[in-house]
Amino acid sequence: MNIGLTGGIATGKSTVSALLVSKGALLVDADVIAREVMLPGHPVLAAAVEHFGQAILLPDGTLDRRRLGDIVFHDPGERKALNDITHPAIRQEIREQMHTFEQEHPDRLVVVDIPLLFESGLEAMFEQVLLVYAPFEVQVERLMERNRLTKDEAVARIRSQMDIEEKKKRADVVIDNSGQPSETERQVDEFWNRKGLL
Ligand SMILES: CC(C)(COP(=O)(O)OP(=O)(O)OC[C@H]1O[C@@H](n2cnc3c(N)ncnc32)[C@H](O)[C@@H]1O)[C@@H](O)C(=O)NCCC(=O)NCCS
Ligand SMILES: Nc1ncnc2c1ncn2[C@@H]1O[C@H](COP(=O)(O)OP(=O)(O)OP(=O)(O)O)[C@@H](O)[C@H]1O
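Here the structure is a predicted model, which is why all the values come from computation and not from measurement.

Rules used throughout
- Residues numbered from 1 in each chain as written.
- Chains lettered and ligands numbered in written order.
- Predicted model: local features only at pLDDT ≥ 70, side-chain atom pairs only at ≥ 80, totals over all residues.
- Heavy atoms only, no water.
- Helix = DSSP H or I, 4+ residues; strand = E, 2+ residues; numbered from the N terminus.
- Rg over C-alpha atoms; globule rule 2.2 N^0.38 Å.
- Buried < 20%, exposed > 50% of the residue type's maximum accessible area, 1.4 Å probe, protein only.
- Near = heavy atom within 4 Å.
- Polar contact = N/O pair within 3.5 Å; in protein donor to acceptor, adjacent residues only side chain to side chain.
- Nonpolar A, V, L, I, M, F, W, Y, C, P; charged D, E, K, R; others polar.
- Axes fitted to C-alpha atoms, helices over the stretch in contact; angles between N-to-C directions.
- Parallel < 35°, antiparallel > 145°, perpendicular 65-115°, else oblique.
- Left-handed = near helix turned anticlockwise from the far one by under 90°.
- Contact = heavy atoms within 4.5 Å.
- Areas by Shrake-Rupley, 256 points an atom, 1.4 Å probe, with all protein chains shown as cover.
- Arc of directions from axis to C-beta.
- Salt bridge = Lys/Arg side-chain N within 4 Å of Asp/Glu carboxyl O.

### Structural notes on the overall build of the protein chain
At step 1: Within the protein chain, the regular secondary structure consists of nine helices and five strands.
At step 2: Counting helices and strands in the order they occur from the N terminus, the protein chain gives β-α-β-α-α-α-α-β-β-α-α-α-β-α.
At step 3: Scaling as 2.2 N^0.38, a compact globule of 198 residues should have a C-alpha radius of gyration of about 16 Å, and the protein chain matches this with 17 Å.
At step 4: Here the protein chain holds 198 residues, and 42% of them are scored as buried.

Given below as structure tokens:
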């Protein structure tokens, strides 16, 4: 059994996936995989440097994430270029991890956290798609606070993704994380208790 878990930036995907893991789900995390392919020595990082130049590297050879973020969150063409470089390898690794979990633990729920699930058209990989929702204004606030960003920087990142209201329409299940954590936990409990009906 598997679900794709998505949302908007800073809507609470990590918060909800941690709750599901605490109940016994197995997690595949696209953000973790995206970081692995950008480590020194990985061919994906090499391809990114070829496109964006040495300036995206820090003196120690690791990726300057803030610098690359500044480029791609303000320029749709450069964002597409980065996605074209990184996404095939990320998708491949997601598929492999999902397959391994499903083979080894056929009785467990496999949760696959992918921020850009809808943008990348990956719905068909999953039995159901669960959306972690918080409205735009809440996203802005939480992103500014967590990443110490200005309002403009936070809005640029949010606008780099499909509108959260559109994602809400496309999802099979919605967890509204705009309220208190206890309210989110209640909804996750409810989902967990009826997931046998998936
Ligand atoms: C641009 C990079 C260097 C910025 O790094 P930074 O440490 O500031 O952010 P981090 O990686 O923690 O991502 C935070 C969030 O930003 C959003 N985001 C990241 N990349 C993108 C993108 N290409 N388009 C839209 N949103 C994105 C996601 O919601 C993600 O959860 C980094 O996100 C990256 O390498 N992105 C390309 C790979 C990718 O698409 N990852 C996200 C989905 S798997
Ligand atoms: N219900 C809530 N009330 C208040 N703050 C919350 C709530 N849920 C999450 N947060 C906070 O909002 C921020 C974003 O949450 P989280 O990191 O889980 O989002 P995310 O969707 O995984 O983010 P990203 O897209 O960047 O990976 C965090 O700082 C988190 O502590």
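Continuing now.
### Brief notes about the site of ligand 1
At step 1: Looking at ligand 1, there are 18 residues lining it, with D31, R65, N83, H87 and Q161 nearest.
At step 2: A distance of 2.8 Å is found between an oxygen atom of ligand 1 and a side-chain nitrogen or oxygen belonging to R35.
At step 3: The contact in question runs from an oxygen atom of ligand 1 to an N or O atom on the side chain of R65, over 2.8 Å.
At step 4: Within the residue set of the shell around ligand 1, elements represented by two or more residues are α2 (30-36), α4 (65-72) and α5 (76-104).
At step 5: Of the residues forming the shell around ligand 1, the biggest block, five residues, is contributed by α5.
At step 6: Partitioning the shell around ligand 1 into residue classes produces nine nonpolar, five polar and four charged.

### Things to note about the packing of helix α1 (residues 13-22) against helix α9 (residues 181-194)
Two measures define how a pair of helices packs: the angle their axes make with one another and the distance between the axes.
At step 1: Here α1 crosses α9 at 50°, and the two axes come no closer than 10 Å. Here α9 runs oblique to α1, going by the angle between their axes. As for the relative orientation of α1 and α9, their crossing is right-handed in sense. Listed contacts from α9 to V16, L19 and L20 of α1 are T184, E185, V188, F191 and W192.
At step 2: Broken down by class, the residue content of the contact of α1 with α9 amounts to six nonpolar, one polar and one charged.

### Quick notes on the site of ligand 2
At step 1: Among the 14 residues in the neighbourhood of ligand 2, the closest are listed as K13, S14, T15, R146 and N177.
At step 2: Contacts to ligand 2 include T11, whose backbone N or O atom sits 3.3 Å from an oxygen atom.
At step 3: Contact distances for ligand 2 include 2.7 Å between an oxygen atom and a side-chain N or O atom of S14.
At step 4: The fraction of the free accessible surface of ligand 2 (630 Å²) that becomes covered by protein chains is 73%.
At step 5: Elements that contribute at least two residues to the shell around ligand 2 include exactly α1 and α6 (136-147).
At step 6: If you tally residues by element for the shell around ligand 2, the top one is α1, at three residues.
At step 7: For the shell around ligand 2, the class distribution of residues is three nonpolar, seven polar and four charged.

### Brief notes about the environment of R95
At step 1: Following the sequence through the fold, R95 ends up in helix α5.
At step 2: For the pair formed by R95 and E123, sequence separation is 28 residues and the distance between their alpha carbons is 13 Å.

### Topic: helix α3 (residues 43-52)
At step 1: When α3 is considered as a whole, its buried residues turn out to be V44, L45, A48, V49 and F52. Seen along its axis, α3 keeps its buried residues to an arc of 140°; they face one direction. Facing away from the buried side of α3 by more than 90 degrees, the exposed set consists of P43 and E50.
At step 2: Turning to α3, the residues buried within the fold contact α4 and α5.
At step 3: Two residues or fewer past α3, G53 is found with a positive phi of approximately 95°.

### Examining the pattern of salt bridges
At step 1: The tally for this structure, following the rule as stated, stands at eight salt bridges.
At step 2: Two residues, E153 and R66, come together in a salt bridge whose shortest N-O distance is 3.7 Å. Remark: R66 occurs in helix α4 and E153 occurs in helix α7 (residues 151-159); sequence separation between them is 87 residues.
At step 3: The salt bridge involving E166 is made with R170; its shortest N-O contact spans 2.8 Å. Taken together, the residues span about one helical turn, with E166 and R170 both in helix α8 (residues 164-170) at a distance of four residues.
At step 4: Look at E166 and you get partly exposed, because its relative accessible area is 27%.
At step 5: One salt-bridge network, held together by shared partners, links E166, K169 and R170.

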